[in-house]
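The lines below spell out each chain.
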Amino acid sequence: MQRITILGATGSIGVSTLDVLARHPDQYQVYALSAHSRVDELAAQCRQFRPQRAVVGSAEAALELTRLLAGLPVDVSYGEAALCEIAASDDTDTVMAAIVGAAGLAPTLAAARAGKKVLLANKEALVMSGQLFMDAVREQATLLPIDSEHNAIFQSLPAGYAREPGAAGVAKILLTASGGPFLNRAVETLEAVTPEEACKHPNWSMGRKISVDSATMMNKGLEVIEAHWLFGAAPERIEVVIHPQSVIHSMVSYVDGSVLAQLGNPDMRTPIAHALAYPDRIASGVAQLDLTQMAALQFYQPDYARFPCLALAFDALRAGGTAPALLNAANEIAVEAFLERRIGFRDIDRVLRRVMDENAHGAAGDIEAVMAQDARARQAARDIVAAIARA
Ligand code: NDP
Ligand code: MG
């Protein structure tokens with residue numbers, strides 16, 4: 001029996017994870033679940049999966065959950081310290097890190113430091129803390145990527161891959177990108193797109209923040225940084241390839257000319273099942289890919305003028321230190337402001353450019369330095385958003 005903690009159980013990844021777990025009750029047992037504010041959804045999950053612990057975002061939410069779970073033996077608590085406890089507890093083996101954004105960093109790091117098997121969906125945590133996170137993993141934890149591209153790359157690399165430049169004859173990582181909902185839309189019309197249009201991804205059903213990131217292609221930018229840390233690849237060895245059908249989830253190109261790819265229907269239950277069972281395989285509920293039903297598969301180079309966020313992410317990766325944390329924090333603020341209709345879609349990249357240009361970054365020596373950079377970047381982005389919203 002693998003005992004599992006799901007951080008962010010009520011989100012898109014959390015729900016898909018529980019769907020896979022429910023298919024294998026003989027192999028997996030839920031130890032703890034967390035949500036932020038969607039208490040009703042968490043209560044329903046607790047009734048079905050009977051975790052020992054449930055964690056929410058506030059005292060009020062904890063009271064409400066306790067009331068909803070009256071009679072069930074679930075220990076309810078709230079806040080970051082409680083999230084870190086359920087991530088690092090001796091009673092859990094595997095932690096699904098599926099909180100969205102910087103809020104997931106502390107508990108995900110706690111899981112790594114406690115030597116857990118960490119299934120990483122929360123890419124922002126790795127983007128922010130890079131080397132610090134990988135050092136924590138290297139000491140004792142096991143890290144398995146859930147992001148579909150990184151899971152595909154992991155599957156296309158040799159087992160025990162050394163995460164060193166040029167190791168195992170790896171020439172390049174080919175990170176595929178769907179291009180999101182605005183791949184072919186006239187650039188001048190992007191100023192006026194709505195949150196609803198931005199969140200309507202052609203291939204994937206996901207949370208709102210990552211959906212907007214897919215529309216700006218900041219998601220791919222964050223994934224470039226994620227690939228750098230997961231696979232030890234220098235920026236020039238990571239190539240973004242637009243592939244609108246999202247059937248090939250990414251590829252590894254080798255020095256002898258071979259290219260290995262992982263294919264599948266676009267459904268996150270495949271990478272989730274892969275990581276849960278690794279190195280075995282379990283059924284995920286995803287239909288087998290029928291290649292004969294597939295239209296042509298297309299591949300293009302990305303257009304950096306249409307998607308300036310992708311270039312900003314490469315800049316932040318090359319700059320190093322706390323620059324990725326700066327970019328990530330500013331992006332979280334800008335995306336939230338766009339979703340609340342306080343700024344336009346194209347203002348997102350304008351905010352990010354200004355925060356990057358106007359704020360220094362430093363060494364990412366410890367988590368305190370990263371969190372301080374995160375806080376400064378949030379304030380800087382809030383100020384710029386407020387000025388745009390007033391104008
Ligand atoms: P969702 O928005 O659907 O879910 C986010 C989860 O995190 C919810 O459980 C939410 O709780 C919880 N949460 C939100 N804010 C906080 C906070 N401040 N503190 C603690 N918990 C919080 O996101 P997704 O499932 O789409 O994405 C989760 C992560 O996985 C992201 O980092 C994303 O980039 C990554 N990812 C997602 C993919 C997908 O297909 N969805 C694909 C690849 C990566 P509540 O429900 O109560 O608000
Ligand atoms: Mg992805």
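The numbering scheme is per chain: residues are counted from 1 as the chain's sequence reads. Whichever chain is written first is A, and whichever ligand is written first is 1; the rest continue in order. Per-residue local features are limited, in this predicted model, to residues with pLDDT of at least 70; the limit for side-chain atom pairs, both in listing and counting, is 80 or more; totals at the level of whole chains, interfaces and linings are taken over all residues. Computation of side-chain values: all heavy atoms of the structure, hydrogens and water removed.

Moving on, we get to the side chain of His 249. Put simply, DSSP marks the helices as runs of H or I at least four residues long and the strands as runs of E at least two long, and each gets a number from the N terminus on. Here His 249 lies in strand S10 (residues 248–254). Using a relative accessible area of 6% as the deciding quantity, one classes His 249 as buried. Counted as a polar contact is a pair of N or O atoms within 3.5 Å, where, for protein atoms, one must be capable of donating a hydrogen and the other of accepting one, and residues adjacent in sequence contribute only when both atoms are in side chains. One polar contact links the side chain of His 249 to the main-chain carbonyl oxygen of Gly 264, over a distance of 3.0 Å. Contact definition: two residues touch when any of their heavy atoms are within 4.5 Å. If we ignore the near neighbours within four places in the chain, the residues touching His 249 are Ser 148, Glu 149, Ala 152, Thr 176, Trp 204, Gln 262, Leu 263, Gly 264, Asn 265 and Pro 266. Exposure is judged per residue with a 1.4 Å probe applied to protein chains only, and the accessible area is read against the type maximum: over 50% gives exposed, under 20% gives buried, and values in between give partly exposed.

Let us now look at the domain arrangement of the chain. Domain boundaries assigned for the chain yield domain 1 (2–145), domain 2 (154–293) and domain 3 (320–390). Contacts between domain 2 and domain 3 engage 19 residues on the former and 15 residues on the latter. By definition, the buried area sums, over both parts, the 1.4 Å-probe accessible area that each loses when the two are put together. Across the domain 2 to domain 3 interface the summed buried area is about 1,400 Å²; carbon plus sulfur atoms make up 70%. If you sort the residues of domain 2 by the area they bury against domain 3, Glu 191, Pro 195 and Met 218 come out on top, with a joint share of 33%. The term salt bridge refers to a pairing of a side-chain nitrogen on Lys or Arg with a carboxyl oxygen on Asp or Glu at a separation within 4 Å. Our count for the domain 2 to domain 3 interface comes out at 2 salt bridges. Residues Arg 341 and Glu 196 are paired through a salt bridge, measuring 2.5 Å at the closest nitrogen-oxygen approach. Domain limits in this description derive from either an automatic procedure or a database domain assignment.

Turning our attention to helix H11 (residues 269–277). Along an α-helix, a turn takes 3.6 residues, which lines up residues three or four apart on a common side. Judged by how many residues are buried, H11 sits mostly within the fold: 8 of 9 residues are covered. Here H11 has its buried residues at Arg 269, Pro 271, Ile 272, Ala 273, His 274, Ala 275, Leu 276 and Ala 277.

Taken together, 23 residues lie near ligand 1, and Thr 10, His 36, Ser 37, Arg 38 and Glu 124 sit nearest. At 2.9 Å, a backbone N or O of Ser 12 approaches an oxygen atom of ligand 1. Within the backbone of His 36, an N or O atom sits 2.8 Å from an oxygen atom of ligand 1. Here the open area of atoms and residues is found with the Shrake-Rupley method and a 1.4 Å probe, where only the protein chains shown may cover a residue. In isolation ligand 1 offers 900 Å² of accessible surface; the protein chains occlude 87% of this area. Elements with a minimum of two residues in the shell around ligand 1: helix H1 (12–22) and helix H6 (123–140). Any residue with a heavy atom positioned within 4 Å of a molecule or strand is treated as near that molecule or strand.

Okay, helix H13 (residues 323–339) next. Any helix carries an expected span of 1.5 Å times its number of residues minus one. With 17 residues, H13 should reach 24 Å at 1.5 Å per residue; the first-to-last C-alpha distance of 24 Å fits that figure. With 16 of 17 residues buried, H13 is to be regarded as a mostly interior element. Positive backbone phi, at 60°, marks Arg 341, one or two positions downstream of H13.

Before going further, it helps to spend a moment on the packing of helix H7 (residues 148–156) against helix H10 (residues 218–231). Orientation is described by lines fitted to C-alpha atoms, with helices fitted over the stretch in contact, and by angles between N-to-C directions that extend from 0 to 180 degrees. Running from N to C, H7 and H10 cross one another at 30°; their axes reach a closest spacing of 10 Å. Between H7 and H10, the interaxial angle falls into the category roughly parallel. Handedness of the crossing formed by H7 with H10: right-handed. Between H7, through Glu 149, His 150, Ile 153 and Phe 154, and H10, the contact on the second element is made entirely by Lys 220, Glu 223, Glu 226, Ala 227, Leu 230 and Phe 231. Partitioned by chemical class, the residues of the contact of H7 with H10 number 5 nonpolar, 1 polar and 4 charged. Each angle gets one of four labels, with under 35 degrees taken as roughly parallel, over 145 as roughly antiparallel, 65 to 115 as roughly perpendicular, and the rest as oblique. Crossing handedness is read from the near helix: turned anticlockwise from the far helix by less than a right angle, it gives a left-handed crossing, and turned clockwise, a right-handed one. Residues are grouped as follows: Ala, Val, Leu, Ile, Met, Phe, Trp, Tyr, Cys and Pro are nonpolar; Asp, Glu, Lys and Arg are charged; all remaining types, including Gly, are polar.

Let us look at the environment of Gly 264. Structurally, the position occupied by Gly 264 is in the loop between strand S11 (259–263) and H11. Through-space distance from the C-alpha of Gly 264 to that of Leu 289 is 5.6 Å; in sequence the pair is 25 residues apart.

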